[in-house]
Amino acid sequence: MAQYYSVEQVAELLGLHVRTVRGYIRDGRLAAARIGKQYRIARADLEAFTGAPAAPPAPGAGARRAEVSAVVRIENVDRAAADRLSTAVMAAIAGPREGGRPLHVETIHDEERETLRLVVLGDPADTAALLGIVHTMTSSMH
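Being a predicted model, the structure only gives us computed values, none of them experimental.

A. Structural context of the sheet that holds strand β1 (residues 4-6). Taken in spatial order, the three strands make up an open sheet running β1-β3-β2, and their pairing is antiparallel. Every interior strand has two partners, whereas the edge strands, β1 and β2 (33-35), have only one. Recorded for the sheet is a direction-independent mean angle of 40° between the axes of neighbouring strands. Bridge count between β2 and strand β3 (residues 38-42): three bridges; the pairing is antiparallel. Bridging across to β3, A33 finds its partner in R40. Sheet contacts for helix α1 (residues 7-14): β1 and β3; angle to β1, the most-contacted strand, approximately 85°. Against the sheet, helix α3 (residues 43-50) engages β1 and β3, with an angle of about 75° to β3.

B. Structural context of α1. Buried within α1 are the following residues: V7, Q9, V10 and A11. One or two positions beyond α1, positive phi appears at G15, with a value near 70°.

C. How the structure looks around the packing of α1 against α3. Axis separation between α1 and α3 bottoms out at 12 Å; the angle between their running directions is 35°. The way α1 lies across α3 gives a crossing that is right-handed. Across the interface between the two elements, V10, L13 and L14 of α1 pack against L46, F49 and T50 of α3. Taken together, the residues of the contact of α1 with α3 sort by class into five nonpolar, one polar and no charged.

Thresholds, definitions, all that
Residues numbered from 1 in each chain as written. Predicted model: local features only at pLDDT ≥ 70, side-chain atom pairs only at ≥ 80, totals over all residues. Heavy atoms only, no water. Pairing = 2+ DSSP bridges. Helix = DSSP H or I, 4+ residues; strand = E, 2+ residues; numbered from the N terminus. Axes fitted to C-alpha atoms, helices over the stretch in contact; angles between N-to-C directions. Contact = heavy atoms within 4.5 Å. Buried < 20%, exposed > 50% of the residue type's maximum accessible area, 1.4 Å probe, protein only. Left-handed = near helix turned anticlockwise from the far one by under 90°. Nonpolar A, V, L, I, M, F, W, Y, C, P; charged D, E, K, R; others polar.

Structural measurements only, silent on function.
Following this line, the structure appears as structure tokens:
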């Protein structure tokens, strides 16, 4: 199974600033896959970049770390409802998280199809809590 690194992990391994690693990705010097608003770097791509074997990704503090990415599609959403839902979702994710890591959410409204997509990336427990909020909000929509 392929191993992937976050930008932060690559920066730590190489002794670089996170912005420097992102610059290498933007310039095409370091291959990376974009997931939502975050990049993931394959171990093989990191080894090709450095010319040396890469250490396995370490999530930090010896703890195993899990991350969820989810796409929620909500139908029959006009512009006003999309704005209300987006604002409520962004308010729900504001502030400190249980795992200390931010929950990333991107909202995309398609006016023509009257759909709202929420792209969520984050800790499983935080993502589940947000999905519960979204479920409650959409269940009460008329």
